[in-house]
Amino acid sequence: MLVWFDALTAKQARIASVLALEGEGRGYRFIVTCRKYDYVINVLKMYGVNGYCEGEHGEDVRSKLVNGLSRSLKLINVVDDFNVHISLTSPDAFRVAFGLGKPSIALTDTAHAFHVNKLTLPLADRVIAPIAIPKRKLMTYIPHGEEGKVKFFNGVFEVMWVYRFKPNWSEVEQLGLRNGDKYVVFRFEESKAAYYKYSEQSRIAVKAIRFLLKQGFKVIVFPRYDDQRELVASKFNRELSNGNVIIPSKPVDGLQLAYFSSLVITGGSTFAVEAALLGVPSISYFPSTYYTDKYVIKAGAPLIRVKPSRLISSIRKAMEIGKVGLIKDLEDPTGLILNEADALANEHRG
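This one's a predicted model, so the numbers in the text were calculated from it and none came from an experiment.

Overview of the side chain of D6
With respect to the element layout, D6 can be found in strand β1 (residues 2–7). You can call D6 buried: its relative accessible area is 0%. Within the structure, D6 has its side chain in polar contact with the side chain of T33 (distance 2.6 Å). Polar side-chain contacts of D6 include one of 2.6 Å to the side chain of S90.

Next up, the structure:
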């Protein structure tokens with residue numbers, strides 16, 4: 001069986017990598033495609049998984065459409081004759097799979113992502129989601145009579161790699177940090193996603209980084225876009241020079257950085273969930289609802305969800321929590337996804 005996974009973000013690259021490596025043990029073959037965006041290809045390389053990168057991320061409505069359609073045309077020639085397509089709701093890949101008459105599995109944990117859900121979930125043969133996502137939210141995208149294609153699991157996708165994680169200090173050391181250094185990892189918001197409608201986060205990010213520096217922390221910063229990188233360079237030129245603010249210039253495993261850090265802060269959700277599952281205090285200042293965040297908080301993870309305007313006060317609160325150890329006993333969906341892929345391939349052959 002040949003499974004095609006299209007990975008558009010670093011998180012999706014981790015999902016693809018775990019599935020590919022576990023699938024190999026079952027005798028499945030995987031082809032993983034990706035997009036030239038963020039840290040996607042670096043994550044695949046970290047797991048030893050080959051990725052075929054085609055196309056780029058659009059920054060406005062028109063470029064998203066043009067780039068997506070162009071990328072779909074290129075993908076047709078890359079993926080060839082696969083049996084099943086899997087992605088975390090990639091419109092580019094769903095267009096190809098549907099057009100070629102191939103079955104698709106949609107992984108989703110973002111009920112708020114209206115645009116991609118509207119384009120992909122109606123076309124999916126299976127939809128796999130964490131139980132934290134309210135069923136009514138997903139059913140708005142599912143055609144009447146197809147409710148049975150939705151499968152829930154009692155965990156989050158991040159469990160797939162967090163439960164397989166092994167600490168390695170050398171990953172942190174390559175950034176010039178020494179054992180005993182106190183540092184915080186700061187991840188900027190996904191400001192150019194179709195669902196992102198907020199504009200004040202970058203100013204708040206600068207304020208938070210300044211506060212952390214005053215508390216004696218080094219700050220490792222992960223910008224998502226060039227304008228965010230330029231903002232950090234303009235506001236923290238001296239700190240970049242003396243090593244108190246670090247923007248990694250080469251690939252580094254964010255999970256390793258999170259594990260040894262004092263705190264993780266992100267304008268999204270994934271990085272905070274990963275760190276919190278490892279037991280590291282984490283803050284997500286994404287200004288909308290993430291159902292999976294509420295779920296892991298209830299499971300005992302040291303995760304704080306906060307409005308951007310309350311970020312500074314939340315940093316103080318997070319420092320009081322401290323590390324709590326690995327959050328256990330959540331369901332790993334890897335087996336469910338591979339089993340559904342196998343079942344779909346057999347149905348399609350029949």
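Next comes the rest of the write-up.
Describing the packing of aromatic side chains
Summed over the entire model, instances satisfying the criterion amount to nine aromatic pairs. Consider the rings of Y259 and F260, whose centres lie 5.0 Å apart with planes at 85 degrees: the pair is edge-to-face. Here the aromatic residues F165, W169, Y259 and F260 are joined through ring pairs into a cluster of three or more. Across from the ring centre of F82, 6.0 Å away, lies the NZ or CZ of K102, which sits over that ring. Looking at K182, its charged tip hangs above the ring of F217, at a distance of 4.8 Å from the centre.

Examining the sheet that holds strand β2 (residues 29–36)
In spatial order, the strands read β3-β2-β1-β4-β5-β6-β7; together these seven strands make up an open sheet with parallel pairing. What marks the edges here is a single partner per strand, and that holds for β3 (51–56) and β7 (150–153). Averaged over all pairs of adjacent strands, the angle between strand axes in this sheet comes to 20 degrees, irrespective of strand direction. Direction of pairing for β1 relative to β2: parallel, over a ladder of six bridges. If you follow W4 over to β2, its bridge partner there is I31. The strands touched by helix α1 (residues 10–25) are β1, β2 and β5 (104–107); relative to β1, the strand with the most contacts, the crossing angle is about 165 degrees.

Here is what the cut-offs are and how they apply
Residues numbered from 1 in each chain as written. Predicted model: local features only at pLDDT ≥ 70, side-chain atom pairs only at ≥ 80, totals over all residues. Heavy atoms only, no water. Helix = DSSP H or I, 4+ residues; strand = E, 2+ residues; numbered from the N terminus. Buried < 20%, exposed > 50% of the residue type's maximum accessible area, 1.4 Å probe, protein only. Polar contact = N/O pair within 3.5 Å; in protein donor to acceptor, adjacent residues only side chain to side chain. Phe/Tyr/Trp six-rings, centres within 6.5 Å; stacked < 30°, edge-to-face > 60°. Lys NZ or Arg CZ within 6 Å of the ring centre and 35° of its normal. Pairing = 2+ DSSP bridges. Axes fitted to C-alpha atoms, helices over the stretch in contact; angles between N-to-C directions. Contact = heavy atoms within 4.5 Å.

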